[in-house]
Amino acid sequence: MSLIELPDSIKELYKRGESTVGIAKSFGVSPATVWRHLRKSGISIRSKSEAAKLGLKIGRVKIRKHIISPSSKHLTKEKAYLMGVLCGDGYLSYTIAKGSYHIGLQAIDKDFVEKFAKCLYKVYGIKVSIADVPVHTPRWSDKFRTGLYCKAAYEDLLSYGTSYKTFEWRVPEAIKRASPEIIAEFIKGFADSESDVDKGSRRIGLTSACKEGLEEIRLLLDKFGIRSSIQTRQATGSRKEC
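Reading guide: rules and limits
Residues numbered from 1 in each chain as written. Predicted model: local features only at pLDDT ≥ 70, side-chain atom pairs only at ≥ 80, totals over all residues. Heavy atoms only, no water. Helix = DSSP H or I, 4+ residues; strand = E, 2+ residues; numbered from the N terminus. Buried < 20%, exposed > 50% of the residue type's maximum accessible area, 1.4 Å probe, protein only. Contact = heavy atoms within 4.5 Å. Arc of directions from axis to C-beta. Pairing = 2+ DSSP bridges. Core = buried A, V, L, I, M, F, W, Y, C linked by side-chain atoms within 4.5 Å. Salt bridge = Lys/Arg side-chain N within 4 Å of Asp/Glu carboxyl O. Phe/Tyr/Trp six-rings, centres within 6.5 Å; stacked < 30°, edge-to-face > 60°. Lys NZ or Arg CZ within 6 Å of the ring centre and 35° of its normal.

Draft legend 1. Focus on the environment of I183. Position of I183 relative to the elements: it lies in helix α9 (residues 180-194). Residue class for I183 comes out buried when judged on its relative accessible area of 3%. As for I183 and F224, which are separated by 41 residues in sequence, their C-alpha atoms are 9.8 Å apart. Not counting the four nearest positions on each side in its chain, I183 is found in contact with I175, K176, A178, L220, K223 and F224.

Here it is as structure tokens:
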């Protein structure tokens, strides 16, 4: 079907909230053809965020809701590891337009990303995939990404009293009061995100922009008899090391 043969009803369908992809399927044409028809008819094309909001409003877009078991609320070694990673390279994000709650991690170490994914499954019973993230900048390594879209899991992790944000994170009180095994997994999660090894000085460093959070990590290390101190990295003046 050519651009000239497309019916005017396409405009009405689009105004009622139908997507260009859905309209294209109905008329057996490409979404690009529908898009050009609408533009030629003087119709303003919705942005991605506007399309998402409208799709949710009229029920065309549905958010899949995961249900987690009551046992997911327990503080386990796997959950402690997740929380440690989230204080480092991991992240929690909420997208208003889509109403989505995301727990995610992206890193160059595939084993690290796989462990994060396994812990998500162990804690919340939901399998997540691991995606390759090609990097086209010379001399940069490709990355791997995984994550879970689940409001209940997102809210559960936030219920421990920290935002996990780069400049705001703190060691949750539940971790501070936990068994040595739980504390060790939290430290391991953070270290897998933010550690480096200086073979010359035989020192392991943990790096973060949040000095208060590192101070609390240092107190956790004290419980294991591990000596540490906080230093400012001179290269940027804004990063702290433990």
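Draft legend 2. Geometry of helix α7 (residues 151-158). When α7 is considered as a whole, its buried residues turn out to be A153, Y154, D156 and L157. Projected down its long axis, α7 carries its buried residues within an arc of 160°, all on one side. Buried residues in α7 make contact with α5 (77-86), β1 (91-95), β2 (100-107), α6 (110-124) and β4 (143-149).

Draft legend 3. Here's a closer look at the pairing of β4. Note: β2 against β4, 6 bridges, orientation antiparallel. Note that in β4 the partner of H102 across the bridge is Y149.

Draft legend 4. View of the nonpolar core. If you look at the biggest cluster of nonpolar residues, it comprises 46 residues, and the most contacted ones within it are I103, Y124, I175 and F186. Those elements that provide at least two residues to this core are α5, β2, α6, β4, α7, α8 (173-176), α9 and α10 (211-222). For F186, the residues in contact, after removing those within four places along its chain, are A80, Y81, M83, G84, C87, V171, P172, I175, I217 and L220.

Draft legend 5. Looking closely at the side chain of R46. Take R46: it is sitting in the loop between α3 (31-40) and α4 (48-58). With residues near it in sequence (within four places) discarded, R46 still touches Y14, G17, E18, A51 and L54.

Draft legend 6. Molecular detail of the side chain of H102. Here H102 is to be found in strand β2. Given the relative accessible area of 10%, H102 is considered buried. Setting aside its immediate chain neighbours within four residues, H102 contacts Y91, L92, S93, G147, L148, Y149 and Y154.

Draft legend 7. Focus on the pattern of salt bridges. Taken as a whole, this structure holds 5 salt bridges when the rule is applied. Its salt-bridge partner being K79, residue D156 comes within 2.7 Å of it at the nearest N-O pair. Separated by 77 residues along the polypeptide, D156 in helix α7 and K79 in helix α5 bring together distant segments of the chain. Given the relative accessible area of 0%, K79 is considered buried. Among the ionic pairs, K176 bridges to E173, the shortest N-O distance being 3.1 Å. Residue K176 and its partner E173 are located together in helix α8, separated by 3 residues, close to a single helical turn. Under the relative-accessibility criterion, K176 is labelled partly exposed at 25%. By relative accessible area, which is 44% here, E173 ends up partly exposed.

Draft legend 8. Broad picture of the packing of aromatic side chains. In the structure shown here, the tally under the stated rule is 3 aromatic pairs. Relative to Y154, the ring of Y101 lies with its centre 5.0 Å away and its plane at 70°, an arrangement referred to as edge-to-face. You can see Y101 sitting in strand β2 and its partner Y154 sitting in helix α7, a full 53 residues away along the chain. Taken as a pair, Y101 and Y154 share a single burial class, namely buried. Ring pairs connect the aromatic residues Y94, Y101 and Y154, which therefore count as one cluster. The ring of Y121 carries the charged tip of K127 above its face, separated from the ring centre by 5.7 Å.

As far as function goes, none of this settles anything; it's purely spatial.
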